[in-house]
Structure formats: C-alpha cells, structure tokens
Amino acid sequence: EIVLTQSPTTMAASPGEKVTLNCLASSSVSYMNWYQQKSGASPKLWIYGTSNLASGVPNRFSGSGSGTSYSLTISSMEAEDVATYYCLQLSSYPLTFGSGTKLEIK
Amino acid sequence: QVQLKETGPDLVQLTQTLSITCTVSGFSLTTYNVHWVRQPPGKGLEWMGAMWNGGGTDYNSAFKSRLSISRDTSKSQVFLKMNSLQTDDTAKYFCARHDWELDYWGQGVMVTVSS
C-alpha cells in the first residue's frame with residue numbers, strides 16, 4: 001500500500017500570501033490528484049494528473065511534482081480557499097489518500 | 001448532468017449490517033466505474049472499494065472480509081453492504097464516479113453505529 005504523507009497538517013495564510021501544500025508518497029506514483037473539501041461538503045476534484053486544474057478552479061492554483069513528491073500551490077491566498085486539501089494516488093490499489101492539510105486564513 | 005446520490009440508514013446497531021445504495025444519473029454503470037469512500041467525523045478519507053464497469057469488484061483489504069459491493073445496472077444503482085459493524089465504522093459514506101479520476105461525488109450519507 002502506498003502511504004501519502006501531507007504537510008503541513010494545518011496552516012494559516014494571509015490574503016495574498018503564496019501557499020504550498022505538500023504530498024509525499026512512500027513509493028513512486030505516476031501522477032497525483034488533489035481534492036478540496038469544505039466543511040460539511042463532499043470532496044471536489046481540484047487538480048488531476050498532477051498539474052491540470054479541474055473545471056472552475058481558479059488559475060491561482062497550480063500543481064507540480066513527480067515520483068514521490070508532489071505539491072499544490074496557491075499563488076495568492078483568498079478567503080474562499082479556506083478548506084481541507086487531500087492528495088489521492090490512483091497508480092496502485094488500494095487507492096490511498098493523504099491525511100489532509102487544513103488551510104485557514106489569518 | 002452527472003449525479004450520484006447515496007441513501008441509507010442514519011443509525012445502525014452494533015454488529016449489524018449496513019446497506020447503502022448509490023443511485024446514479026447522467027452516465028451508465030457499464031461505461032464508468034463507481035467507488036466507495038468513507039470519512040469518519042473530523043477525520044480523513046478512506047477508500048473502501050470499487051465496482052468496475054465490467055461488473056467486477058475490488059476491495060480494500062482492510063474491509064475485505066465484511067464488505068460487499070454489487071450493482072443493478074437496470075436501476076443505475078450500486079450497493080454497499082458491510083457486516084459486523086463497530087463504533088469506528090461511524091462515518092459519512094460517499095460514492096464517486098471513476099473515469100480517469102474520481103471526478104463526481106455524491107453528497108454522502110452519515111451513518112452512526114450505536115451500541
């Protein structure tokens with residue numbers, strides 16, 4: 001089973017600040033997906049194939065990485081970005097999620 | 001448009017069996033796969049298993065002995081059944097469509113296991 005370790009667990013950013021969330025895989029994966037989940041809601045596909053933005057996702061978001069190390073970056077934090085972000089690997093079964101990064105605003 | 005909706009009980013007794021139905025619309029179960037994911041209150045997401053478009057299934061070994069996934073394509077429904085429930089099975093249960101990604105998710109159903 002591939003274990004995904006996300007860091008940080010929680011962080012707070014000021015409006016306009018650049019934010020980077022990390023996801024480290026225990027074995028190499030082909031690509032990484034990211035989900036945004038707001039309180040009480042279902043997860044939403046946010047970034048797929050490591051760097052492709054899902055429909056409707058603002059272009060201040062970007063994704064990068066390869067092998068075992070992936071990241072999601074917000075170029076300029078906005079209040080609406082407050083959420084928990086999860087990475088998900090679909091390279092091997094069982095599918096596994098990271099434990100999430102809770103992003104708050106200062 | 002693509003929709004998935006989970007229906008099931010709010011409360012299940014300890015050691016009993018959980019049954020949840022995922023009713024889909026806007027796509028065919030013979031074209032797309034459907035997965036089940038759960039989330040305990042305040043915790044992260046856990047993949048449970050999948051119903052493949054060809055009718056096969058795959059399970060997380062953490063559940064394999066007590067989890068069963070099936071479908072009725074004529075009704076566009078996928079079923080999750082899990083027995084021997086414990087209190088740590090209290091969670092919101094989601095179904096999600098799988099193309100290349102888990103792209104569309106249902107709203108989830110919150111199930112509490114009561115002792």
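Residues numbered from 1 in each chain as written. Chains lettered and ligands numbered in written order. Predicted model: local features only at pLDDT ≥ 70, side-chain atom pairs only at ≥ 80, totals over all residues. Heavy atoms only, no water.

S.K.: Looking at this structure, how should I read the sheet that holds strand β1 (residues 3-7) of chain B?
M.R.: What holds strands together in a sheet is hydrogen bonding between their backbones, with the strands either parallel or antiparallel. Residues and elements named next belong to chain B. Pairing is antiparallel across the open sheet formed by four strands, whose spatial order is β1-β3-β8-β7. Only two strands of the sheet have a single neighbouring strand rather than two, namely β1 and β7 (67-72). Sheet twist, expressed as the mean angle between neighbouring strand axes with direction ignored, is 20°. Two elements, strand β3 (residues 18-25) and strand β8 (residues 77-82), share six bridges in a ladder whose sense is antiparallel. Note on β8: the bridge partner recorded for Cys-22 is Val-78. (Pairing = 2+ DSSP bridges. Helix = DSSP H or I, 4+ residues; strand = E, 2+ residues; numbered from the N terminus. Axes fitted to C-alpha atoms, helices over the stretch in contact; angles between N-to-C directions.)

S.K.: Can you walk me through the pattern of salt bridges in this structure?
M.R.: A pair can form between side chains of opposite charge whenever their charged atoms are brought close. Residues and elements named next belong to chain A. Applying the stated criterion across every chain yields a total of eight salt bridges over all chains. Between Glu-78 and Arg-60 there is a salt bridge, with its nearest N and O atoms 3.6 Å apart. With a gap of 18 residues between them, Glu-78 in the loop between β8 (69-74) and β9 (83-89) and Arg-60 in the loop between β6 (52-53) and β7 (61-66) connect regions that are remote in the sequence. Relative accessible area serves as the criterion here: at 37%, Glu-78 is assigned to the partly exposed category. Classification of Arg-60 by relative accessible area gives buried; the value is 11%. Linked through salt bridges whose partners overlap, the residues forming this network are Arg-60, Glu-78, Glu-80 and Asp-81. (Salt bridge = Lys/Arg side-chain N within 4 Å of Asp/Glu carboxyl O. Buried < 20%, exposed > 50% of the residue type's maximum accessible area, 1.4 Å probe, protein only.)

S.K.: I keep staring at the state of the cysteines and nothing clicks. Help me out?
M.R.: Put plainly, a disulfide is one covalent bond tying together the sulfur atoms of two cysteines. Applying the stated rule across the entire model yields two disulfides over all chains. Paired by a disulfide, A:Cys23 and A:Cys87 hold their sulfur atoms 2.1 Å apart. Between A:Cys23 and A:Cys87, the S-S dihedral sits near 75°, and the bridge is therefore right-handed. Of the two residues, A:Cys23 is situated in strand β3 (residues 19-25) and A:Cys87 in strand β9; the sequence distance between them amounts to 64 residues. For B:Cys22, the disulfide goes to B:Cys95, at an S-S distance of 2.1 Å. On the S-S bond that ties B:Cys22 to B:Cys95, the torsion sits near 75°, and the link is right-handed. With B:Cys22 in strand β3 and B:Cys95 in strand β9 (residues 91-98), this residue pair connects regions lying 73 residues apart in the sequence. The buried category is assigned to B:Cys95, whose relative accessible area is 0%. (Disulfide = S-S within 2.5 Å.)

S.K.: What should I look at first to understand the environment of A:Thr96 in this one?
M.R.: Residue and element names in this part refer to chain A. Relative to the elements of secondary structure, Thr-96 occurs in strand β10 (residues 96-97). Taking relative accessible area as the criterion, Thr-96 reaches 7% and is therefore assigned buried. Taking C-alpha positions, Thr-96 is 24 Å from Val-19, a pair spaced 77 residues apart along the chain. When residues no more than four places from it in sequence are discounted, the contact partners of Thr-96 are Glu-1, Ile-2, Leu-4, Cys-87, Leu-88 and Gln-89. Looking at Thr-96, its side chain comes within polar contact range of the side chain of Gln-89, at 3.0 Å. (Contact = heavy atoms within 4.5 Å. Polar contact = N/O pair within 3.5 Å; in protein donor to acceptor, adjacent residues only side chain to side chain.)

S.K.: Hey, could you run me through the pairing of β7(A) in this one?
M.R.: The side chains of a regular strand alternate, residue by residue, between the two faces of the sheet. All names here are of chain A. With six bridges connecting them, β7 and β8 associate as antiparallel partners. Note on β8: the bridge partner recorded for Ser-64 is Ser-71. Between the antiparallel neighbours β7 and β8 lie two residues, among them Gly-67 with a positive phi of about 65°.

All we've got here are geometric facts, nothing functional implied.
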